[in-house]
Amino acid sequence: MQYKYKTSGVCSREITIDINEDKTIGDVSFLGGCNGNLKGIGALVKGRSIDEVISVLKGIDCNYKGTSCPDQLARALEEIKND
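Reading guide: rules and limits
Residues numbered from 1 in each chain as written. Predicted model: local features only at pLDDT ≥ 70, side-chain atom pairs only at ≥ 80, totals over all residues. Heavy atoms only, no water. Helix = DSSP H or I, 4+ residues; strand = E, 2+ residues; numbered from the N terminus. Buried < 20%, exposed > 50% of the residue type's maximum accessible area, 1.4 Å probe, protein only. Polar contact = N/O pair within 3.5 Å; in protein donor to acceptor, adjacent residues only side chain to side chain. Contact = heavy atoms within 4.5 Å. Pairing = 2+ DSSP bridges. Axes fitted to C-alpha atoms, helices over the stretch in contact; angles between N-to-C directions.

## Things to note about the environment of Val-56
- Of note, Val-56 is situated in helix α2 (residues 50–57).
- The class for Val-56 is exposed, based on a relative accessible area of 56%.
- For the pair Val-56 and Glu-21, spaced 35 residues apart in sequence, the C-alpha to C-alpha distance is 22 Å.

## A few points about the side chain of Thr-16
- By the secondary structure assignment, Thr-16 is in strand β2 (residues 14–19).
- Separated by 3.2 Å, the side chains of Thr-16 and Lys-4 make a polar contact.
- Those residues in contact with Thr-16 that lie beyond four places of it in its chain are Gln-2, Tyr-3, Lys-4, Asp-27, Val-28 and Ser-29.

## Description of the environment of Lys-23
- Secondary-structure assignment places Lys-23 in the loop between β2 and β3 (25–31).
- According to the relative accessible area criterion, Lys-23 is exposed, its value standing at 55%.
- Note: C-alpha distance between Lys-23 and Ser-49 (26 residues apart in sequence) is 6.4 Å.
- Beyond its immediate sequence surroundings of up to four residues, Lys-23 is in contact with Ser-49 and Ile-50.

## Description of the pairing of β2
- Across the six residues that make up β2, a large majority, five, are buried.
- Pairing analysis gives five bridges linking β2 to β3, with the strands arranged antiparallel. Its bridge partner lying in β3, Glu-14 is registered against Leu-31.

## Details of the sheet that holds β3
- The strand order β1-β2-β3 describes an open sheet built from three strands, whose pairing is antiparallel. The two strands at the open ends of the sheet, each matched to only one other strand, are β1 (2–6) and β3. Across the sheet, the axes of successive neighbouring strands diverge by a mean angle of 15 degrees, strand direction being ignored.
- Sheet topology note: the β1/β2 ladder contains five bridges and is antiparallel. Looking at β2, one finds that Lys-4 is bridged to Thr-16.

Read these as layout, nothing more, since geometry by itself doesn't imply function.
What follows is the structure in structure tokens.
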């Protein structure tokens, strides 16, 4: 299933997340932001469980914004998990 998440407080504007039937993460893509870094994050989380990615990425801060693109991905995954 594919989900779209509107980000807040970061350079990227939206995250598209594909969740596989076994509740692992498929493709992740970011609209806007630091292209290379965000492609790297997408590659690193692919195939991992939602819970694992949340535990690793949640709370990462970018320039004292209180959030970051990885943190926004964790927040999106929390919403998906709670649906």
